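Here is what each chain is made of, one letter per residue.
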Amino acid sequence: PRPATSAAGTFSGMSAQQQKEQYLARAKELESYIVYSPKDDKLLTECGSTYLHISMLCEEQTEKQKFAEQSIELLDKALQFNPSSRNSSGESAQYCLGNALYFCFLLESDDTKAGTMLKRVKACIDVAVQKDKTEQAIQMSEHLKHAQEQRAFCQSQLKNLQGKSEEEKQIEIRKMHANMVEEELKTTRAQVEKDPANVNLQLDLARH
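Peer 1: For this particular structure, what's the right way to read the overall build of the protein chain?
Peer 2: For the protein chain, the count of helices and strands is 9 helices and 0 strands. Counting from the amino terminus, helix and strand elements in the protein chain follow one another as α-α-α-α-α-α-α-α-α. Looking at the 208 residues of the protein chain, the share that counts as buried comes to 45%. Taking the contacts inside the protein chain whose residues are at least 6 apart along the sequence as the reference set, 62% of them involve residues at least 24 apart. When the accessible surface of the protein chain is split by element, carbon and sulfur atoms take 51% of a total near 10900 Å².

Structure (structure tokens):
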């Protein structure tokens with residue numbers, strides 16, 4: 001047996017923690033299938049995009065980065081087997097990979113490493129724009145014009161956590177996470193307004 005549909009949009013109405021737990025269970029299920037079909041690009045893309053959703057729901061920096069890196073590893077493998085691979089929501093592996101890399105870019109403290117990472121992000125999103133021509137990819141491409149400013153803001157927020165108590169850190173992290181989710185929500189709402197018949201966009205909006 002193997003999954004037929006994506007988890008995206010399935011967990012609307014749940015708290016962020018509940019969604020995270022459901023996505024984690026989903027990822028473990030997909031990994032159990034990958035053991036028997038390690039070259040199945042669809043499974044790899046599905047699992048990689050699921051870990052991307054988990055990363056988006058994490059509030060703690062280390063955990064967010066860990067799941068983003070797991071997403072990158074799986075999506076890279078999927079693209080090795082099929083450069084046109086997609087998940088069951090129709091998102092291309094290139095687009096998902098660009099998003100996962102972008103999370104790591106925002107959290108990377110080393111400027112040189114971050115610069116190299118941003119080049120990869122732009123390359124992935126450029127391919128997604130050219131091949132997919134989806135509103136999500138186009139919006140992400142526009143978003144990347146302000147990537148350095150976004151990273152500077154993120155890094156300044158992370159520096160503000162230094163020397164604070166665990167309770168204070170959690171409060172600041174939640175604020176930063178809320179800001180990131182709000183930005184994603186604004187983008188998704190704008191996409192839905194432009195293309196209200198797009199089911200994948202509607203599912204994305206429901207997930208947020």
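Peer 1: Can you walk me through unusual backbone geometry in this structure?
Peer 2: Generally, phi is negative for residues other than glycine and the peptide bonds are trans, each holding for most cases. The backbone phi angle of Lys133 is positive, close to 55°, even though this residue is not glycine. Relative to the helices and strands, Lys133 resides in the loop between helix H5 (111-132) and helix H6 (135-143). Look at Lys133 and you get exposed, because its relative accessible area is 61%.

Peer 1: Quick question: what am I supposed to make of the nonpolar core here?
Peer 2: Soluble globular proteins tend to pack their nonpolar side chains together in the buried interior. Counting 32 residues, the largest nonpolar core has Leu97, Leu101, Tyr102, Phe105, Val121 and Leu144 as the members making the most contacts within it. Among the elements of the structure, helix H2 (41-57), helix H3 (61-81), helix H4 (93-107), H5, H6 and helix H7 (147-160) are those that each provide at least two residues to this core. Considering every element that reaches this core, the biggest residue donor is H4, with 12 residues. The residues touching Phe105, leaving out its near neighbours within four places in the chain, are Ala114, Met117, Leu118, Ala147, Gln148 and Arg151.

Peer 1: Is there a simple way to explain the packing of H4 against H7 in this structure?
Peer 2: Each packed pair of helices is defined by two parameters, the angle between the axes and the distance between the axes. Viewed as axis vectors pointing N to C, H4 and H7 meet at an angle of 50°, and their least axial separation amounts to 8 Å. It follows from the interaxial angle that H4 and H7 lie oblique. Residue-level contacts link Tyr102, Phe105, Leu106 and Leu107 of H4 to Ala147, Gln148, Gln150, Arg151, Cys154, Gln155 and Leu158 of H7. Looking at side-chain class alone, the contact of H4 with H7 contains 7 nonpolar, 3 polar and 1 charged residues.

Peer 1: Can you walk me through the pattern of salt bridges in this structure?
Peer 2: As a working rule, side chains carrying opposite charge can pair if their charged atoms are close by. Inspection of the entire model under this criterion finds 9 salt bridges. Residues Arg120 and Asp76 are paired through a salt bridge, measuring 3.0 Å at the closest nitrogen-oxygen approach. With a gap of 44 residues between them, Arg120 in helix H5 and Asp76 in helix H3 connect regions that are remote in the sequence. One salt-bridge network, in which partners are shared between bridges, spans Arg26, Glu29 and Glu46.

Peer 1: Can you help me understand the packing of aromatic side chains in this one?
Peer 2: To describe a pair of aromatic rings, you give the distance between the ring centres and the angle between the ring planes. Applying the stated criterion across every chain, the model contains 2 aromatic pairs. Centroid distance Tyr51 to Phe67: 5.9 Å. Interplanar angle 15°. Geometry classified as stacked. Here Tyr51 is found in helix H2, whereas its partner Phe67 is found in helix H3, with 16 residues between them in sequence. Among the residues examined, Tyr51 registers a relative accessible area of 2% and is labelled buried. Owing to a relative accessible area of 6%, Phe67 belongs among the buried residues under this scheme. The ring of Phe67 has Lys66 sitting right over it, with the charged end atom 4.5 Å from the ring centre. The ring centre of Phe105 lies 6.0 Å from the NZ or CZ of Arg151, which sits over that ring.

Conventions adopted
Residues numbered from 1 in each chain as written. Predicted model: local features only at pLDDT ≥ 70, side-chain atom pairs only at ≥ 80, totals over all residues. Heavy atoms only, no water. Helix = DSSP H or I, 4+ residues; strand = E, 2+ residues; numbered from the N terminus. Buried < 20%, exposed > 50% of the residue type's maximum accessible area, 1.4 Å probe, protein only. Contact = heavy atoms within 4.5 Å. Areas by Shrake-Rupley, 256 points an atom, 1.4 Å probe, with all protein chains shown as cover. Core = buried A, V, L, I, M, F, W, Y, C linked by side-chain atoms within 4.5 Å. Axes fitted to C-alpha atoms, helices over the stretch in contact; angles between N-to-C directions. Parallel < 35°, antiparallel > 145°, perpendicular 65-115°, else oblique. Nonpolar A, V, L, I, M, F, W, Y, C, P; charged D, E, K, R; others polar. Salt bridge = Lys/Arg side-chain N within 4 Å of Asp/Glu carboxyl O. Phe/Tyr/Trp six-rings, centres within 6.5 Å; stacked < 30°, edge-to-face > 60°. Lys NZ or Arg CZ within 6 Å of the ring centre and 35° of its normal.

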